[in-house]
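Letter by letter, the chains look like this.
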Amino acid sequence: MNMPARFPKPWSQTGTQPKIAIIGAGMSGIAAVVKLRRAGYTDLTVFEKADKVGGTWRENTYPGLSCDVPSRWYSFSFNLKHDWKHRYSYGPEIQEYMEETADAFGVTDIVRFNTPVTDLTYVGPHWQLTTGDGEQMIFDVVISATGVLHRPAYPDIEGLDAFAGDMFHTARWDHSVALEGKRVGIIGTGSTSAQVVGAITDKVGEMHVFQRTPQWMAPLPQKRYSESWKRVLKTFPFLQKLGFHWYFQLMLRTFAAATVGNKPMQRLLSWLCLRNLEKNVPDPELRRKLTPDYQAACKRLIFCSDFYPAISRDNAFLVTESIERVTPAGVQTADGKVHELDVLVLATGFDPGAFILPTRVIGEDGRDLAEFWDGAPRAHRAVALPGFPNFWLLEGPTGPVGNLSLITITEHQVDYVIAMLDKMKADGLAAVAPREQAFAEYNAGMREAVKKTVWVTGGCTSWYMDKTGTPNLYPYEPARYLHDMLHPSFAEYRLMTDVQVPTPLESAA
Ligand code: N01
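Predicted model only: the values in this text are computed from it and were never measured.

**Student:** How would you summarise a negative patch on the surface if you had to cite specific residues and measurements?
**Tutor:** A cluster of like negative charges, contributed by Glu96, Glu100, Asp103 and Asp109, occupies part of the molecular surface. Tracing the chain through its elements places Glu96 in helix α4 (residues 91–104). Classification of Glu96 as partly exposed rests on a relative accessible area of 43%.

Structure follows, in structure tokens:
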């Protein structure tokens, strides 16, 4: 019979380093390693399913891939870059930056590449981690840095597999397929599609864009930085910091304010988008088809200056009839027309409820994370979960995402985790987890507040919505979230000095 057993003393009571597992070597994983080390936590192992760091910037390689958050802000605070080529960087340069940062800060060396984590089981106060090849290890702390949008969503359209041409999702771009002169179709008109259409329409034979819902689009004031400006920034690094904070504040005070209820900002955004449409789409019929009937920023606002000129070209066709089925020859719409294609691109987005799933995560008393979330992921302050002690999420559910620099958000979340670890160390705690009540109250407040945001009042649906139709986003000013990350309330947590478990663990593998 298994008798409750007392564990060997936890790291915080013996003065040893906590063994920390970080899952994912994208920008969150990189930020976590650098900041944890600087805070004195050095026993770190990163698990990465792929063969390179970079996360979303490694995985997405579609033509036109770029970041619509300004480069000066979309940067690690500990590794500002004076020589960004553009105000809004293209994917390959960001991926290079991720790899350079990981190398320069000694992250790459501690990543176990090609090692997916399949299972995490809490055996208090430790976590048992299992990798894809069945290896098991024990850690004191687990940090999920898997990102949000990493599981491509494939549309449920009749006949999709029967298409005779080349077909792929934007996150799995097949670079062996030449597009020059081809009849290309793209399903979806989100941020990704806008960038792809903007980049390839002048190269392909025909570009057929299948739009289910029109999108609001703000112009992207792209700019190439001059060599002399890069030299100035290199000579005066404080200007790099100034640039970082300038864009940070600009986005918080304009775009972010508009989404959470600032009416004048909302009107300004709508005006900007409408003007962009009128200025760049001369054909009134095309303009009508591209005009949304919901509020700007209800879906994630698209910043793109290339899409409207591209869709206005003679070889571009905006198809607004709904898709009936895919045939071997192309896409058949509700009016019976078959749009014949050589290549079909699925720009249909991602599963927004994935986060760390499909890794199986089992917390206290056998609590299964997939069941706990049940299609509506929630977390305490987007970083912690009741019943899952010593487990943290970076970019977890209900955090401020959207048109913000996720690097800044993630860095603040790492600071929060560090404050928790410091608290454990100072008080000799074996385990910490948010109280059920604190979690429930926090999320009840969010549920009320989110009703006032443009994501709900704006009259649209989007990937922000969970299974229950509630936006899975932070409904207050992001500045409030960042402040809270820097000032954790320990009263919201169960602070456990002693943890009893049914069976003692074997010593760490
Ligand atoms: O995906 P989406 P995305 N039949 O979910 C349509 C980030 N990102 O890859 O609107 C027909 O926005 C769907 O139609 P509808 C950013 O956070 C960042 O473009 O649901 N159409 C929609 O048009 C972004 O928000 C950058 O009616 C179907 C499209 O597919 C997130 O990634 C750049 C369909 C999906 O749009 C996702 O963007 C790019 C179907 N069955 C992306 N199913 C930056 O620059 C779906 N659609 C930082």
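**Student:** Outline unusual backbone geometry, listing residues and values.
**Tutor:** Following Gly124, the chain continues to Pro125 via a peptide bond in cis, the omega torsion being 0°. Mapped onto the elements of the fold, Pro125 is located in the loop between β5 (117–123) and β6 (126–131). In this model, Ala297 sits at a positive phi of 75°, which is unusual for a non-glycine residue. Within the element layout of this structure, Ala297 appears in the loop between α9 (284–290) and β13 (302–303).

**Student:** Outline the side chain of Thr201, listing residues and values.
**Tutor:** Its location among the elements puts Thr201 in the loop between α5 (191–200) and β11 (206–210). A polar atom in the side chain of Thr201 sits 2.5 Å from the backbone oxygen of Val197. Setting aside residues no more than four positions away along its own chain, Thr201 makes contact with Met207, Ala310, Arg313, Asn315 and Ala316.

**Student:** With reference to specific residues and values, describe the side chain of Ser144.
**Tutor:** Along the chain, the position of Ser144 falls in strand β8 (residues 141–144). Once residues within four sequence positions are removed from consideration, Ser144 is found in contact with Ile23, Ile356, Phe391, Trp392, Leu393 and Leu394.

**Student:** Run through the sheet that holds strand β15 (residues 323–326), naming residues and quoting values.
**Tutor:** Reading across from one edge, β15-β16-β17 is the order of the three strands in this open sheet, with antiparallel pairing throughout. Of all strands in the sheet, those bounded by a partner on one side alone are β15 and β17 (338–340). Within the sheet, the average angular offset between the axes of one strand and its neighbour, ignoring direction, is 25°.

**Student:** I'd like to hear about the site of the ligand, residue by residue, with values.
**Tutor:** Looking at the ligand, there are 23 residues lining it, with Thr189, Thr192, Thr213, Lys299 and Trp463 nearest. Here Asp68 contributes a backbone N or O atom positioned 2.9 Å from an oxygen atom of the ligand. Contacts to the ligand include Lys299, whose side-chain N or O atom sits 2.7 Å from an oxygen atom. Coverage of the ligand by the protein amounts to 83% of the 920 Å² it exposes when considered alone. Per element, the largest residue contribution to the shell around the ligand is three residues, and it comes from α5. Of the residues assigned to the shell around the ligand, the class counts are eight nonpolar, eleven polar and four charged.

**Student:** Residues and numbers for the sheet that holds β6, please.
**Tutor:** If you walk across this open sheet you meet the four strands as β7-β6-β5-β19, and the pairing is mixed. Each of the sheet's edge strands pairs with one partner strand only, and the pair in question is β7 (136–139) and β19 (360–362). The mean angle between the axes of side-by-side strands here comes to 15°, regardless of whether they run parallel or antiparallel. Relative to β6, β5 runs antiparallel, the two sharing six bridges. Bridged to Val117 within β6 is Thr131.

**Student:** Would you mind going over the state of the cysteines in detail, with residue names and values included?
**Tutor:** Here the structure, examined in full by the defined rule, presents one disulfide. Its sulfur unpaired, Cys67 is 13 Å from the next cysteine sulfur, which belongs to Cys304. On the basis of relative accessibility, which here comes to 5%, the residue Cys67 falls in the buried class. Given a relative accessible area of 6%, Cys304 falls into the buried group.

**Student:** Residues and numbers for the domain arrangement of the protein, please.
**Tutor:** Taken domain by domain, the protein consists of domain 1 (12–53 + 107–151 + 352–507) and domain 2 (160–224 + 230–346). Look at where the C-alpha atoms of domain 1 and domain 2 centre, and you get two points 32 Å apart. Listed as interface residues are 22 residues of domain 1 and, on the opposing side, 21 residues of domain 2. Of the roughly 1,600 Å² buried between domain 1 and domain 2, counting both surfaces, carbon and sulfur atoms make up 61%. At the junction of domain 1 and domain 2, the tally comes to zero salt bridges. By residue class, the composition of the side of domain 1 that touches domain 2 is eleven nonpolar, ten polar and one charged.

**Student:** Mind laying out the nonpolar core, listing which residues take part and the relevant values?
**Tutor:** Counting residues in hydrophobic clusters, the biggest one holds 119 residues, and the most contacted among them are Leu36 and Trp392. Looking at this core, the element that brings in the most residues is helix α12 (residues 406–427), giving ten residues. Residues lining this core come from more than one domain, with at least three contributed by each of domain 1 (12–53 + 107–151 + 352–507) and domain 2 (160–224 + 230–346). The residues contacting Leu36, other than those within four sequence positions of it, are Ile20, Ile22, Tyr41, Leu44, Ile143, Ile418 and Leu421.

Quick notes on the rules
- Residues numbered from 1 in each chain as written.
- Predicted model: local features only at pLDDT ≥ 70, side-chain atom pairs only at ≥ 80, totals over all residues.
- Heavy atoms only, no water.
- Patch = residues over 30% accessible without salt bridge, like charges linked within 9 Å, V, L, I, M, F, W, Y side chains within 5 Å.
- Areas by Shrake-Rupley, 256 points an atom, 1.4 Å probe, with all protein chains shown as cover.
- Salt bridge = Lys/Arg side-chain N within 4 Å of Asp/Glu carboxyl O.
- Lys, Arg positive; Asp, Glu negative; His and termini not counted.
- Charge placed at Lys NZ, Arg CZ, Asp CG, Glu CD.
- Helix = DSSP H or I, 4+ residues; strand = E, 2+ residues; numbered from the N terminus.
- Buried < 20%, exposed > 50% of the residue type's maximum accessible area, 1.4 Å probe, protein only.
- Polar contact = N/O pair within 3.5 Å; in protein donor to acceptor, adjacent residues only side chain to side chain.
- Contact = heavy atoms within 4.5 Å.
- Pairing = 2+ DSSP bridges.
- Axes fitted to C-alpha atoms, helices over the stretch in contact; angles between N-to-C directions.
- Near = heavy atom within 4 Å.
- Nonpolar A, V, L, I, M, F, W, Y, C, P; charged D, E, K, R; others polar.
- Disulfide = S-S within 2.5 Å.
- Domains from an automatic or database assignment.
- Buried area = accessible area lost by both parts, 1.4 Å probe.
- Core = buried A, V, L, I, M, F, W, Y, C linked by side-chain atoms within 4.5 Å.

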